[in-house]
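Single-letter residue listing:
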Amino acid sequence: MRLMPPSAWFVSLLCVVIWIVGSGMSWGVCRVEEGTDPRVMVRELKGTCGDEDRRALAVSADDVLTTLQQGRGVVLKGVTLAGDLPLDRLRLQPFDPGLVRHAAIAERIEAERVSAVHVIDGPFILEDVEVQGILATNLIEPGYVVVRGPVSLRGSTIRQSMDFSRMVFLDRADFSGMHIGHEGFFIRAMFARDADFTGTSFGTHSRFHQARFLGKAAFTGARFHGLAEFLEVSFREDAEFARARFLQGTGFSGSRFHKTLDLSGARFEREVYFRFTEYQGDADFHRALFRNTADFTEARFRGAVDFREAVFEYPHLVSGVDLPDDVREGGTNVRDRDFLLLFFVLALLGLVLLAVWKKKAR
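Residues numbered from 1 in each chain as written. Predicted model: local features only at pLDDT ≥ 70, side-chain atom pairs only at ≥ 80, totals over all residues. Heavy atoms only, no water.

This brings us to the overall build of the protein. Counting secondary structure elements, the protein contains seven helices and 43 strands. Out of the 362 residues in the protein, the part that is buried amounts to 44%. Pairs at least 24 residues apart make up 33% of the contacts formed inside the protein by residues separated by at least 6 positions. (Helix = DSSP H or I, 4+ residues; strand = E, 2+ residues; numbered from the N terminus. Buried < 20%, exposed > 50% of the residue type's maximum accessible area, 1.4 Å probe, protein only. Contact = heavy atoms within 4.5 Å.)

Encoded structure:
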């Protein structure tokens, strides 16, 4: 067997090294990769990208709207979406109950005498996307936008406002880890399956007025920086708000919880209203913190209610519910506990400094 001469080995090795280096360099180049399925518009940001790269490779909202108008789906990942996306400009088609495949949703649409709806046939995926413009249905008059495929805005940032009012989500809806800069509206929205808002940051105002969650609603760890309205909302399955933070006024009045409501560890920095709410299942307020008014007037609890270790800083501002005796008697509130803890730390520090001073004095 003849061996390759050293020069040939060197040339071959050099080619391999050049190929590896070239592949690595091309892999790190910032670029947008496109899909090959003609039914779906795919744009995914790849490589090492700076802010200028992202701006230069931004996807036009007009192109996305055109794609949706053609009856195709959209999948955007990691890119910047430039411009407003008005979903009321989607194509209309006559409403038929078979379109939504869900009796409760069809009944609500028919009750409003809606004869035509806007439709998104494919997936509507905007994951880890920076949305620079306004994302809105703009439906003032009775009407709906029906999304027949999965919806995901997981990890995306909405720089301005997002209005998904009167949107029907027939498949899974994932809004986890989102950041909404200003308003986030879901007025009269309907979720046929699970809706995930875990860890979502809501901006100046969030509204879910008369929304319907037919699957599980997860708001675990969500933060509501502005006014939060969950008025007359129907939760058919479990509603999870554990460790959620409500920094401004909050309203759940008139809502119906058909199964478990979990508000354990939640923090209400301002007023919260549960007037005329109905709880078919258990309601968990374990370790929740109420720092202002908590109004449960005319609330109906049919299951177990858990207020263990809940803190009401001002028990006299609580109405419509019987609190544990130690809270009614004005137990130590959070501010008092913080003061006592600070006093203890300062006292301990003083003792340490005194001991050091005495040691030096010797």
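One open sheet holds the ten strands; their spatial order is S6-S11-S15-S19-S23-S27-S31-S35-S39-S43, and the pairing between them is parallel. The open sheet terminates on both sides in strands that have one partner only, identified here as strand S6 (85–86) and strand S43 (318–319). When strand S23 (residues 205–207) meets strand S27 (residues 227–229), the two strands line up parallel, connected through three bridges. Counted as the bridge partner of histidine 205 is leucine 227 from S27. (Pairing = 2+ DSSP bridges.)

Attention now goes to the sheet that holds strand S24 (residues 212–213). Judged by pairing direction, the sheet is mixed, and its ten strands sit side by side in the order S7-S8-S12-S16-S20-S24-S28-S32-S36-S40 without closing on themselves. If you trace the sheet from one side to the other, it starts and ends with strand S7 (92–94) and strand S40 (300–301), each paired once. Summarising the sheet, strand S36 (residues 278–279) and S40 pair through two bridges and their orientation is parallel. Note that in S40 the partner of glutamate 278 across the bridge is arginine 300.

Next up on the list: helix H3 (residues 61–69). Listed in full, the buried residues belonging to H3 are Ala61, Val64, Leu65, Thr67 and Leu68. What you see down the axis of H3 is that its buried residues fit within an arc of 160°, all on one side. You can read the cap of H3 off the contacts: a side-chain oxygen lies 3.1 Å from the backbone nitrogen of aspartate 62, and it is on serine 60. Note on H3: the residue one or two positions beyond its end, glycine 71, has a positive phi of about 85°. (Arc of directions from axis to C-beta. Polar contact = N/O pair within 3.5 Å; in protein donor to acceptor, adjacent residues only side chain to side chain.)

So, on to the confidence of the model for the protein. Of all residues in the protein, 85% attain a pLDDT of 70 or more, and the chain-wide mean is 89. Residue range residues 15–26 is modelled with pLDDT below 50. Its contacts to residues more than four positions away, or to other chains, number one contact. (pLDDT = per-residue confidence, 0-100.)

Let's shift gears to the side chain of glutamate 127. By secondary structure assignment, the location of glutamate 127 is in strand S9 (residues 124–127). Setting aside residues no more than four positions away along its own chain, glutamate 127 makes contact with Leu76, Lys77, Gly78, Ser152, Arg154 and Ser156.

What follows covers the environment of threonine 204. On the secondary structure map, threonine 204 appears in the loop between strand S22 (201–202) and S23. The class of threonine 204 is partly exposed, set by a relative accessible area of 43%. A sequence separation of 44 residues divides threonine 204 from glutamine 248, and the C-alpha atoms of the two residues are 9.3 Å apart. Beyond its immediate stretch of four places on either side in the chain, threonine 204 contacts Gly181, His182, Glu183, Gly226 and Leu227.

To continue, consider the state of the cysteines. Applying the stated criterion across every chain, the model contains one disulfide. Across a sulfur-sulfur distance of 2.1 Å, cysteine 30 and cysteine 49 are joined as a disulfide pair. Torsion about the S-S bond of the cysteine 30 and cysteine 49 cystine: about 100°, corresponding to right-handed handedness. Here the residue cysteine 30 occupies a position in the loop between helix H1 (6–28) and strand S1 (31–34), and cysteine 49 occupies one in the loop between strand S2 (40–46) and helix H2 (51–56), the gap between them amounting to 19 residues. Overall, the relative accessible area of 15% leaves cysteine 30 in the buried class. Given a relative accessible area of 26%, cysteine 49 falls into the partly exposed group. (Disulfide = S-S within 2.5 Å.)

Further remarks concern the pattern of salt bridges. Evaluated as defined, the whole model comprises 26 salt bridges. Ionic pairing is found between glutamate 44 and lysine 46, a salt bridge with its closest N-O pair at 3.5 Å. Linking glutamate 269 and arginine 291 is a salt bridge whose minimum nitrogen-to-oxygen distance equals 3.5 Å. Taken together, the residues span a long stretch of sequence, with glutamate 269 in the loop between strand S34 (267–268) and strand S35 (272–273) and arginine 291 in the loop between strand S38 (289–290) and strand S39 (294–295) at a distance of 22 residues. The exposure class assigned to arginine 291 is buried, which follows from its relative accessible area of 15%. Counted as one network, the salt bridges with shared partners bring together Arg245, Arg267, Glu269, Arg291 and Glu313. (Salt bridge = Lys/Arg side-chain N within 4 Å of Asp/Glu carboxyl O.)

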